[in-house]
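Now for the letters of each chain:
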Amino acid sequence: MEREPIRFYLDEHLSPEIAKQLSRHGIDALRGPRSDDDLNHLRRASTLGRAVCTRDRDYVRLHEAGEEHAGIIKGLKQHTIGDWVNFLKFVHAICAPADLRNNVEYLFRVE
C-alpha cells in the first residue's frame, strides 16, 4: 500500500526556485503569499495539509506555544537552494505526513 506523500509550503523567505526544482522531481511544493504573518502562513499550511519550510525562528516559537501544524522544517539563512531541495527530497522519500505533524525538523546537508 502506497503512503500519502508529504506536501510542502515554503514561506516568503525562501526562494520560489526551491518549489520549481522540487516539482521537477514530482514533489508537490508551493510558496505561500508574500506579506502575510507567520501565524496565518502556519494555519494556512496546516489547513492545506502541508509542512511549512522556513528559516524564520518565529515558526518554532509558534510550535513551542502549542500551535497545531502539519509540520515545520527549519533551516538557516546560509542554507542554499540546493541544500533545501536535497533535504526536502530526502524528507519526501522517507517520511509520511503523520511523521511531521506537530513536529519540527531541522535542515541538514544531504550529499
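If you're wondering where the values come from, they're calculated on a predicted model, not measured in any experiment.

Visitor: Hey, could you run me through helix H2 (residues 38–47) in this one?
Guide: Residues three or four positions apart in an α-helix share a direction because the helix packs 3.6 residues into each turn. Among the residues making up H2, those that are buried are Asp 38, His 41, Leu 42 and Ala 45. Considered in projection along H2, the buried side chains sweep an arc of 95 degrees and stay on one side of the axis. Contacts made by the buried residues of H2 are with strand E1 (8–10), strand E3 (51–54), helix H3 (58–64) and strand E4 (72–74). Between the side-chain oxygen of the N-cap and the backbone nitrogen of Leu 39 there are 3.2 Å, and the N-cap of H2 in question is Asp 37. Directly beyond the C-terminal end of H2, a positive phi value near 70 degrees is found at Gly 49.

Visitor: Sorry, what's going on with the sheet that holds strand E2 (residues 29–31) here?
Guide: By way of backbone hydrogen bonds, the strands of a sheet pair with one another, either parallel or antiparallel. Here we have 5 strands laid out as an open sheet, ordered E2-E1-E3-E4-E5, and parallel in their pairing. Of all strands in the sheet, those with a lone pairing partner are E2 and strand E5 (104–106), marking the two edges. On average, adjacent strands in this sheet sit at an angle of 25 degrees to one another, irrespective of strand direction. The pairing of E4 with E5 spans 3 bridges and is classified as parallel. By the bridge assignment, Lys 74 is partnered in E5 with Tyr 106. Where helix H1 (residues 16–24) meets the sheet, its contacts fall on E1 and E2, and the angle it forms with E2 comes to roughly 160 degrees.

Visitor: Looking at this model, I keep getting lost on the packing of aromatic side chains. Mind explaining?
Guide: Given two aromatic rings, one states the distance between the centres and the angle between the planes to describe the pair. Counting across every chain of the model gives 1 aromatic pair. Ring plane angle 40 degrees and centroid distance 6.2 Å describe the contact between Phe 87 and Phe 90, whose orientation is recorded as tilted. Taken together, the residues span about one helical turn, with Phe 87 and Phe 90 both in helix H4 (residues 81–94) at a distance of 3 residues. Note on Phe 90: relative accessible area 32%, which makes it partly exposed.

Visitor: Help me understand the environment of Gln 78, please; the structure alone is not making it clear to me.
Guide: For Gln 78, the location among the structural elements is in the loop between E4 and H4. Take Gln 78: its relative accessible area is 56%, and that puts it in the exposed class. The spatial distance from the C-alpha of Gln 78 to the C-alpha of Arg 57 is 14 Å, given a sequence separation of 21 residues.

The rules behind each value
Residues numbered from 1 in each chain as written. Predicted model: local features only at pLDDT ≥ 70, side-chain atom pairs only at ≥ 80, totals over all residues. Heavy atoms only, no water. Buried < 20%, exposed > 50% of the residue type's maximum accessible area, 1.4 Å probe, protein only. Helix = DSSP H or I, 4+ residues; strand = E, 2+ residues; numbered from the N terminus. Arc of directions from axis to C-beta. Contact = heavy atoms within 4.5 Å. Polar contact = N/O pair within 3.5 Å; in protein donor to acceptor, adjacent residues only side chain to side chain. Pairing = 2+ DSSP bridges. Axes fitted to C-alpha atoms, helices over the stretch in contact; angles between N-to-C directions. Phe/Tyr/Trp six-rings, centres within 6.5 Å; stacked < 30°, edge-to-face > 60°.

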